[in-house]
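# Observations on the three-dimensional arrangement
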Amino acid sequence: MKRETVRRSGLSEIKRIQHREDHPVRYLSAHNDANAEPSSSPGRDKKDGGRRSPSILARVFFVAACACSVHLIIEIKELRKQTWDYFNHQYRPSHESIQQKQTGNLHVGYPHGPVDPMRALEAEVESILKQPVISCQRSFPRDAKSYENNNPCPAHKNSGSNGIVIYNPSTRDKFICKGKILLGPKKFRMLDKDEDCWKRPIETLLLARSFPVSPTYENRGTFPGIVVEATPSNQDGFDDTFSSNYVSKRILLSSADPSSSGCDVKCDFQPLTGGVQLRYIYGTDWEFTLSMEGEKYYSDLEIDTNAWKDSKFFATTSFRSEVPLPYFSFAEYNIQNPPVSFEDGIKGASFLARNCGSMNDREEVVQKLMKTAFRIDSLSSCLNNMEPNAMLDTSDKGRVMRKYLFHLAFENQNTNDYITEKLWGALSSGTLPVYLGAPNVKDHVPFKGVIFVEDFPSVEALAKYLIKVSNDKKLYESYHSWREEPLPQSFLTKYNMSHTHSKCRTCRWAHARKYGLGWNHNTQSLESVLLPRETCVKANHMASPAVESWWVADPGNHASHKLELKTIGESESLCPFFQDDISRARLENSDMIRSVWSNDGTTDILIEGEAFYSHTLRLAFPLQHHEAPQYIENHTLWIQDNRSRVSLVLSSNAGFTENTEIVTVLSGVFQIHVTPELLPVRIRIIVENLDTFHEGAIGQPSYYGDMMANDITNHPQLFSIERLSELKQFVSMQESSDRALLHFPPLHMKSANNGQGYKKRPEI
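Read on for an overview of the structure.

### Thoughts on the sheet that holds strand 17 (residues 432–436)
The strand order 15-14-16-17-18 describes an open sheet built from five strands, whose pairing is parallel. The sheet is open, and its two borders are formed by strand 15 (375–378) and strand 18 (451–452), each paired with just one other strand. In this structure, strand 16 (residues 404–410) lies alongside strand 17, joined through five bridges in parallel fashion. Its bridge partner being in strand 17, A409 is matched across the sheet by Y435. This element, helix 8 (residues 362–370), spans strand 14 (346–351), strand 15, strand 16 and strand 17 of the sheet and lies at about 150° to strand 16. Here helix 12 (residues 459–470) sits on the sheet and contacts strand 14, strand 16, strand 17 and strand 18; the angle it forms with strand 16, its principal contact strand, is near 150°.

### Structural notes on the packing of aromatic side chains
This structure, assessed with the given rule, holds 32 aromatic pairs. Pairing W286 with F313 gives two aromatic rings, centres 6.3 Å apart and planes at 80°, and the pair type is edge-to-face. With W286 in the loop between strand 11 (277–281) and strand 12 (287–290) and F313 in strand 13 (residues 312–315), the pair connects residues that are 27 residues apart, well separated along the chain. Overall, the relative accessible area of 0% leaves F313 in the buried class. Relative to F330, the ring of F328 has its centre 5.0 Å away and its plane inclined at 75°; by these criteria the two rings are edge-to-face. Grouping aromatic residues by their ring pairs yields a cluster made of F319, F328, F330, Y333, W424, F447, W482, F491 and Y495.

### Looking at a nonpolar patch on the surface
Taken together, the side chains of Y297, Y298 and M359 define a hydrophobic patch exposed on the protein surface, amounting to about 290 Å² of accessible area. Mapped onto the elements of the fold, Y298 is located in the loop between strand 12 and strand 13.

### Overview of the nonpolar core
If you look at the biggest cluster of nonpolar residues, it comprises 37 residues, and the most contacted ones within it are W550, I607, L619, F670, I672 and I683. Per-element tally for this core: the top contributor is strand 35 (residues 681–689), with four residues. Apart from the residues within four sequence positions on either side, I683 is in contact with T603, D604, I605, I607, L617, L648, V649, L650, I672 and I712. Judged by nonpolar contacts, the second largest core, of 36 residues, contains I226, V228, A510 and L517.

### Examining helix 12
Taking 1.5 Å of rise per residue, 12 residues should cover 16 Å, and helix 12 covers 17 Å from first to last C-alpha, within 8% of that figure. Every buried residue belonging to helix 12 is among V459, L462, A463, L466, V469 and S470, and all of these are buried. An end-on view of helix 12 places all buried positions within 125° of arc, on one side of the element. The secondary structure elements touched by the buried residues of helix 12 are strand 14, helix 8, strand 16, strand 17, strand 18 and helix 13 (473–478).

### Some details on the state of the cysteines
The final tally for this structure, using the stated rule, is four disulfides. The disulfide partner of C267 is C507, and the gap between their sulfur atoms is 2.0 Å. The chirality of the disulfide connecting C267 with C507 is right-handed, given an S-S dihedral of about 55°. You can see C267 sitting in strand 10 (residues 267–269) and its partner C507 sitting in helix 15 (residues 502–515), a full 240 residues away along the chain. C267 gets classed as buried once you look at its relative accessible area, which sits at 5%. Here C356 connects covalently by a disulfide to C382, the sulfurs 1.9 Å from one another. Looking down the S-S bond of the C356 and C382 bridge, the torsion is 105°, so its handedness is right-handed. Here the residue C356 occupies a position in the loop between strand 14 and helix 8, and C382 occupies one in the loop between strand 15 and helix 9 (397–401), the gap between them amounting to 26 residues. Residue classification places C356 among the partly exposed positions, given a relative accessible area of 41%. We classify C382 as buried; its relative accessible area is 1%.

### A few points about unusual backbone geometry
Note the cis peptide between S544 and P545, where omega equals 5°. Within the element layout of this structure, P545 appears in the loop between strand 22 (541–544) and strand 23 (547–554). Across the junction of L679 and P680, the peptide omega takes the value -10°, indicating a cis bond. In this structure, P680 sits in the loop between strand 34 (669–674) and strand 35.

### Let's talk about helix 15
Along its 14 residues, helix 15 runs 20 Å from first to last C-alpha, staying within 8% of the 20 Å computed at 1.5 Å per residue. With 13 of 14 residues buried, helix 15 lies mostly within the body of the structure.

### Overview of the side chain of R209
Residue placement: R209 occurs in the loop between helix 6 (201–206) and strand 9 (226–229). Within the structure, R209 has its side chain in polar contact with the backbone oxygen of F211 (distance 3.1 Å). When sequence neighbours within four positions are dropped, the list of residues in contact with R209 reads D173, K174, F175, K178, G179, Q579, D580, N599 and D600.

The rules behind each value
- Residues numbered from 1 in each chain as written.
- Predicted model: local features only at pLDDT ≥ 70, side-chain atom pairs only at ≥ 80, totals over all residues.
- Heavy atoms only, no water.
- Pairing = 2+ DSSP bridges.
- Helix = DSSP H or I, 4+ residues; strand = E, 2+ residues; numbered from the N terminus.
- Contact = heavy atoms within 4.5 Å.
- Axes fitted to C-alpha atoms, helices over the stretch in contact; angles between N-to-C directions.
- Phe/Tyr/Trp six-rings, centres within 6.5 Å; stacked < 30°, edge-to-face > 60°.
- Buried < 20%, exposed > 50% of the residue type's maximum accessible area, 1.4 Å probe, protein only.
- Patch = residues over 30% accessible without salt bridge, like charges linked within 9 Å, V, L, I, M, F, W, Y side chains within 5 Å.
- Areas by Shrake-Rupley, 256 points an atom, 1.4 Å probe, with all protein chains shown as cover.
- Salt bridge = Lys/Arg side-chain N within 4 Å of Asp/Glu carboxyl O.
- Core = buried A, V, L, I, M, F, W, Y, C linked by side-chain atoms within 4.5 Å.
- Expected span 1.5 Å × (residues − 1).
- Arc of directions from axis to C-beta.
- Disulfide = S-S within 2.5 Å.
- Polar contact = N/O pair within 3.5 Å; in protein donor to acceptor, adjacent residues only side chain to side chain.

What follows is the structure, given as structure tokens:
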């Protein structure tokens, strides 16, 4: 009997059973085939075309097999429905790009139709092994009262070589089995029966994480690093920062770059070549536009305040950029150098420019000044009226400027924050700059050390004042008195970030955004999260990031009384949590079990077991003066003030909306009403600083918050697979060639807010 490749798990299971030697349908088919002879053979029933009628026993077996097959199909359909409903829930990650793929009759991707990822996995594995894949997540969570000692993948009785496959459906790396196994995006591996994670597979799933340790300000330098590329090398949208050696190799090669030394995060930044450049952050879809040119010449450099919603960012001279690139730095310019001597300096102004096609008509101002009594020496190709001394090299602009009392520091455009070496070089040379350019220049130079063209009603009035200053030593020296005083604090606040190279600051920014740390835009530095984020349990109850308490209504007096938790295990306190620590406790007078653990900087709570009436879980956060709660679809709720945000993500068969009473909030206290229908329920607490830099960000999920909210339902999946030896051989071959075993385009559903929120999955 020829066996066909079947993609649906129900039909696969029927095929597998039919191929067993002792299966009645297989026996009947083999019996008939073996006895099929010409009708002329003796003993044949001529009315049946020469074939002998099946015996009564065979007929009974056939009817029983058909009944079993129908029952099996119903069971497997129910299994698929349960697995789909829970593990994929009602939403998809919103930050993954739409991609499409067809595999035979199986459509992977949207909008061709929603696809069961388990079916896709089965199709891929079956094409490799020609053996059925049997989902084994059925017993969690609806059928499991507790994950302890609950193995959803029992070995098949008829095979001695069965194993469990663990599959990572995420587009990011996953650390499983207490960090012993690192599983790349869309990859799977076998778990042997001897491995600890095979013995406690549900705990393996719950404790799966995206980072090796919870990211904090203190451990920022221990992560693999940020790679800034000239061309995106991971166009499939996967983030294999930890499982691939690409990042570590790039970081190792960049260690010799002086600009990378001293950076508090590991950083590789492929060099710029001038003009306008695009750079990409490895493992993300973030695109940076970088340049030190002015936006009047390059329209692409004009800051779009909504570009961040499409993962587009800027590193330009504008301080509205995510990473400003000012011309000034303390390493390059010592603006407090001694001034040009009043007695020795030429009583006039130098002008150095090659571009005579400026966007602000600076040439017209220079020409008008040349017509006045004030001396103007243009020593470059633009408006040249004076040849420099043969002993003077005009390429050394500082040396040229030091010959004059004044220098015309005229930019080629009037753009905010576009303040070039024309001003900083003049200040560093010791001359007195006459400035034309950035309208907000006084925000950058808060001291009396510059004469501004805009302060005069006409060019003639400017020339008259310059002549006055050039003949008044006291007035001239008053413009240089700041050189002997401490620089104003406002100047230091704005430019202290220039002590750090822009490459390092770009990597810092990316690290903060990717791992949910605080970011100070003014200082361009990482910060700790303001509210407590570490997980801490004291005296059986969670004490951080929220204070936990349990309450139950007393129908007798219409009041509530507090319930206690009794620890399951030895330790009543874990503070702080180490990676893979888990605190489990049983609720007083109840079969409900509460588990708490730390995961990637978040805190997870699992409530399971049985409840015969409703309980109330109160989580009190130190965020009392907050805005009204904001709901994201039917699974996420957050509160925030002007600095911090606390999000609560619910993963259960029931969701919550603004019109339900599952979750209520008052003065920083979340009250979760745990009903019997809600169990089991997993709750994730996300604490982060508020993004106050981007316009509109206070009403949108952050990148880190979005990632953590999606990860709660996008954790690894378990499968039971036959013929372990062949699979191992295939895995070994694939891993040796450094190719992914499975590669599925991420499923994606855009929301109305440019992909920053979540979208409910359509009904199947």
